[in-house]
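Take a look at the letters that make up each chain.
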Amino acid sequence: AQLHAASASSGLPGLKATLKHRIKSCGRLPEHLTRFALRALDELPDGDSLCHGDFHPGNILMAGETPVVIDWTNATQGDPDADVARTLLMFRLGELPPGSTMLMRVLARFVRRVMASAYLRAYRRQRAVEPAAVRRWDIPVAAARLADGIEEETTRLLALLEERRAKAPGT
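All values reported here derive from a predicted model rather than from experimental measurement.

What counts and how
- Residues numbered from 1 in each chain as written.
- Predicted model: local features only at pLDDT ≥ 70, side-chain atom pairs only at ≥ 80, totals over all residues.
- Heavy atoms only, no water.
- Helix = DSSP H or I, 4+ residues; strand = E, 2+ residues; numbered from the N terminus.
- Rg over C-alpha atoms; globule rule 2.2 N^0.38 Å.
- Buried < 20%, exposed > 50% of the residue type's maximum accessible area, 1.4 Å probe, protein only.
- Contact = heavy atoms within 4.5 Å.
- Areas by Shrake-Rupley, 256 points an atom, 1.4 Å probe, with all protein chains shown as cover.
- Lys, Arg positive; Asp, Glu negative; His and termini not counted.
- Charge placed at Lys NZ, Arg CZ, Asp CG, Glu CD.
- Patch = residues over 30% accessible without salt bridge, like charges linked within 9 Å, V, L, I, M, F, W, Y side chains within 5 Å.
- Salt bridge = Lys/Arg side-chain N within 4 Å of Asp/Glu carboxyl O.
- Phe/Tyr/Trp six-rings, centres within 6.5 Å; stacked < 30°, edge-to-face > 60°.
- Expected span 1.5 Å × (residues − 1).
- Pairing = 2+ DSSP bridges.
- Polar contact = N/O pair within 3.5 Å; in protein donor to acceptor, adjacent residues only side chain to side chain.

## Focus: the overall build of the protein chain
A tally of regular secondary structure across the protein chain gives seven helices and four strands. Secondary structure elements of the protein chain, listed N to C terminal, follow the sequence α-α-β-β-β-β-α-α-α-α-α. For the protein chain, the C-alpha radius of gyration of 16 Å lies close to 16 Å, the compact-globule estimate for 171 residues. The burial tally for the protein chain puts 40% of its 171 residues in the buried class. The contacts in the protein chain between residues at least 6 apart in sequence include a share of 74% that link residues at least 24 apart. Just so you have it, the protein chain exposes about 9600 Å², and 57% of that area is on carbon and sulfur atoms. Each charge class in the protein chain can be summarised by its mean position, and for the 24 positive and 20 negative side chains these summaries are 5 Å apart.

## Quick look at a nonpolar patch on the surface
Where nonpolar side chains cluster on the molecular surface, the patch consists of Phe-110, Val-111, Val-114 and Met-115 and spans about 340 Å² of accessible area. By secondary structure assignment, the location of Met-115 is in helix 4 (residues 102-126). You can call Met-115 partly exposed: its relative accessible area is 33%.

## Let's talk about the packing of aromatic side chains
For the structure shown, the criterion picks out three aromatic pairs. Between Phe-55 and Tyr-119 the ring centres are 6.1 Å apart and the planes differ by 35°, which places this aromatic pair in the tilted class. Taken together, the residues Phe-55 in the loop between strand 1 (49-51) and strand 2 (60-63) and Tyr-119 in helix 4 connect sequence positions 64 residues apart. As far as the burial class goes, Phe-55 and Tyr-119 line up, both buried. An aromatic cluster of at least three residues, connected via ring pairs, comprises Phe-55, Phe-91, Tyr-119 and Tyr-123.

## What to know about helix 4
Helical geometry note: an α-helix holds 3.6 residues per turn, so side chains three or four residues apart project in the same direction. Given a rise of 1.5 Å per residue, 25 residues ought to cover 36 Å, and the 36 Å separating the end C-alpha atoms of helix 4 matches this to within 8%. Contacts from the buried residues of helix 4 go to helix 3 (80-93).

## Examining the pairing of strand 3 (residues 66-69)
Where strand 2 and strand 3 come together, four bridges link them in antiparallel fashion. Note on strand 3: the bridge partner recorded for Ala-63 is Thr-66. Hairpin connection of strand 2 to strand 3: two residues between the antiparallel strands, including Gly-64 at a positive phi of 70°.

## Quick notes on the side chain of His-52
Its location among the elements puts His-52 in the loop between strand 1 and strand 2. Polar side-chain contacts of His-52 include one of 2.9 Å to the backbone oxygen of Ile-70. Those residues in contact with His-52, other than ones at most four positions away along the chain, are Leu-3, Asn-59, Val-69, Ile-70, Asp-71, Trp-72, Asn-74, Ala-75 and Asp-83.

## Describing helix 3
The end-to-end C-alpha separation of helix 3 is 20 Å, in line with the 20 Å expected for 14 residues at 1.5 Å each. Across the 14 residues of helix 3, 13 count as buried, placing the element largely inside the fold. The opening residue of helix 3 is Asp-79, an N-cap whose side-chain oxygen sits 2.9 Å from the backbone nitrogen of Asp-81.

Here is the structure:
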């Protein structure tokens, strides 16, 4: 939430343009879902906040008592709700490495729900966030996530997009 309070440098790419490029070029998205995701993206605000683009616990290091966010290769300027949506999506759909035991997979589901809830509670203490505004970013963020090429997530991401498309008015 503190990083989202910062205005992004005008030299950073725009979030929406970055997502649009990733959606169009991912190659894993059927044409009807590409069109759906791009229409959803067009309806969202631009924003000028600093967005990390890949914020998750693995990108936080502790420097004594101070957390330091690393891996800024996906930084953009845009709507912070998109960053929140991506973080929550990774908590929901992120996959453990191949070879993880069944016990680890079961525990991971529980731990991810707890972490997602804790993240959102902590975030809301710093910045007001409207859950519906964050959910609107789920569609383009999930579609762009396919470009990351994480095979284990592909089926769940496509299912999420198909479900949202089926519930969308006029589709």
